[in-house]
Amino acid sequence: MATYAIGDVQGCYDELQAVLQVCQFDPANDSLWFVGDLVNRGPKSLETLRFVKSLANKQVVLGNHDLHLLTVAYGAQAKRPEDTIDDVLNAPDREELLTWLRQQPLFYHDAKFTMVHAGIPPQWHCKEAARYAAEVQQVLSGDDFKDFLSHMYGNQPDQWSEDLTGWDRLRFITNALTRLRFCTMEGQLDLVTKAGLQEQQPHYLPWFKVPNRKHKQNTILFGHWAALQAQVDEPHVFALDAGCVWGGNLLALRLEDLTRYSVTSKLYQSSL
């Protein structure tokens, strides 16, 4: 029995099947963890969603592209020219898939590992992050999810306070867990800079490099940041987004011994 954590798939279904063959995944005994962004930008979002939903042993956290699919599907945002989610939007089992998707958490934490799509603000312990994520999950999986989706977008507030309420509170939690890359030592989020570490703004650090972060002793798995090329020189932190949808690799990490498996993107192969 083994558990494999998978980087951002983003509709790269063929590469997902290929990496599972490389690591000899056994669906009857092994488990798959997904760090979010199952869909969008790649060619087969529908096949990916159907496959992940069908798995008996899985753990999923939502990413920003998964949330974007929900906002488009329920009319909270317009579809973008670069989106590749029409297959899901037009599928006969669309509502079944979307209902399953919005019931997934934004954060997962067990005795050994913590999994999140983007990052964790330095002022949150993992138990606090799990509690805050549950607030979002309760709304997203409930009857008022459309109201949440219509208020979800925006970069403010960019600083956490326990006094935050309503949509501001839920928006900050969602942004932190699904969009965070850089922040200050005090936890102020930079939600604009998207490139690699060389692009960080003055007084901002990668969230996992903040020296006083309260989750420093936790082993954290995350995706979202393809520019890192799944390379992080920080103890107990594992970046899993190797940029498959951009022509990089799709990565699987076996959690029992931290062995990495990867396959090259077909997008890259087709451009040779």
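In case you missed it, the structure is sitting above this.
This text gives an overview of the structure that appears in the document. (Residues numbered from 1 in each chain as written. Predicted model: local features only at pLDDT ≥ 70, side-chain atom pairs only at ≥ 80, totals over all residues. Heavy atoms only, no water.)

Side note on the overall build of the chain
Helix and strand counts for the chain come out as nine helices and twelve strands. If you line up the chain on its principal axes, its C-alpha atoms span 45 × 40 × 35 Å. Burial analysis of the chain (272 residues in total) assigns 56% to the buried set. Excluding contacts between residues fewer than 6 apart, the proportion of contacts in the chain whose partners are at least 24 apart in sequence is 65%. When the accessible surface of the chain is summed, it comes to about 11,800 Å², and 48% of that surface belongs to carbon and sulfur atoms. For the chain, the distance from the average position of its 25 positive side-chain charges to the average position of its 33 negative side-chain charges is 1 Å. (Helix = DSSP H or I, 4+ residues; strand = E, 2+ residues; numbered from the N terminus. Buried < 20%, exposed > 50% of the residue type's maximum accessible area, 1.4 Å probe, protein only. Contact = heavy atoms within 4.5 Å. Areas by Shrake-Rupley, 256 points an atom, 1.4 Å probe, with all protein chains shown as cover. Lys, Arg positive; Asp, Glu negative; His and termini not counted. Charge placed at Lys NZ, Arg CZ, Asp CG, Glu CD.)

Structural notes on the nonpolar core
Across soluble globular proteins, you tend to see nonpolar side chains buried next to one another. The biggest cluster of nonpolar side chains holds 80 residues, and the ones touching the most others in it are Ile6, Phe34, Trp124 and Phe222. Excluding its chain neighbours within four sequence positions, the residues that come into contact with Trp124 are Ala129, Tyr132, Trp160, Phe172, Ile173, Ala176, Leu177, Lys214 and His215. Formed by 14 residues, the second largest nonpolar core is a distinct cluster that contains Met115, Leu221, Leu240 and Leu253. (Core = buried A, V, L, I, M, F, W, Y, C linked by side-chain atoms within 4.5 Å.)

What about unusual backbone geometry?
Most peptide bonds take the trans configuration, and most residues that are not glycine carry a negative phi. For the peptide bond that leads from Gln156 to Pro157, omega is -5°, which places it in the cis range. Along the chain, Pro157 falls in the loop between helix H7 (145-151) and helix H8 (166-179). For His203, which is not a glycine, the phi torsion comes out positive at approximately 75°. Structurally, His203 is set in the loop between strand E7 (189-190) and strand E8 (205-206).

Some points on helix H6 (residues 126-140)
Across its 15 residues, H6 extends 21 Å between first and last C-alpha, which sits within 8% of the 21 Å expected from 1.5 Å per residue. Those residues of H6 that fall on the buried side of the exposure criterion are Cys126, Ala129, Tyr132, Ala133, Val136 and Leu140. With its buried residues spanning 125° around the axis, H6 presents them on a single face. What points out from H6, more than 90 degrees from its buried face, is the exposed set Lys127 and Gln138. The elements touched by buried residues of H6 are helix H3 (64-73), helix H5 (94-102), strand E4 (107-109), strand E5 (114-116), H7 and H8. (Expected span 1.5 Å × (residues − 1). Arc of directions from axis to C-beta.)

Some remarks on the sheet that holds strand E10 (residues 237-239)
Pairing is mixed across the open sheet formed by four strands, whose spatial order is E4-E5-E9-E10. The two strands at the open ends of the sheet, each matched to only one other strand, are E4 and E10. For this sheet the average axis-to-axis angle between neighbouring strands, irrespective of direction, equals 15°. Pairing geometry for E4 and E5, over three bridges, is antiparallel. The partner of Phe107 across the bridge, within E5, is Val116. Relative to the sheet, H6 contacts E4 and E5, its axis offset from that of E4 by approximately 140°. (Pairing = 2+ DSSP bridges. Axes fitted to C-alpha atoms, helices over the stretch in contact; angles between N-to-C directions.)

Observations concerning the environment of Gln123
With respect to the element layout, Gln123 can be found in the loop between E5 and H6. Residue classification places Gln123 among the buried residues on the basis of a relative accessible area of 17%. Residues Gln123 and Trp33 lie 90 residues apart in sequence; the distance between their C-alpha atoms is 26 Å.

Structural notes on the packing of aromatic side chains
Remark: the centre distance and the inter-plane angle together describe each pair of aromatic rings, the angle taken between the planes. Summed over the entire model, instances satisfying the criterion amount to 15 aromatic pairs. Relative to Phe113, the ring of Trp33 has its centre 6.3 Å away and its plane inclined at 90°; by these criteria the two rings are edge-to-face. Here Phe113 lies in the loop between E4 and E5 and Trp33 lies in strand E2 (residues 31-34), a separation of 80 residues in the sequence. Judged by relative accessible area, Trp33 falls into the buried class, the value being 8%. Relative accessible area serves as the criterion here: at 10%, Phe113 is assigned to the buried category. A ring pair is formed by Trp207 and Phe222, whose centres lie 5.2 Å apart and whose planes are at 80°; its orientation type is edge-to-face. Remark: Phe222 occurs in strand E9 (residues 220-222) and Trp207 occurs in the loop between E8 and E9; sequence separation between them is 15 residues. Accessibility classification places Trp207 together with Phe222 in one group, the buried group. Here the aromatic residues Phe182, Trp207, Phe208, Phe222 and Trp225 are joined through ring pairs into a cluster of three or more. The ring of Phe145 carries the charged tip of Arg102 above its face, separated from the ring centre by 3.8 Å. (Phe/Tyr/Trp six-rings, centres within 6.5 Å; stacked < 30°, edge-to-face > 60°. Lys NZ or Arg CZ within 6 Å of the ring centre and 35° of its normal.)

None of the figures reported here should be taken as evidence of function without further support.
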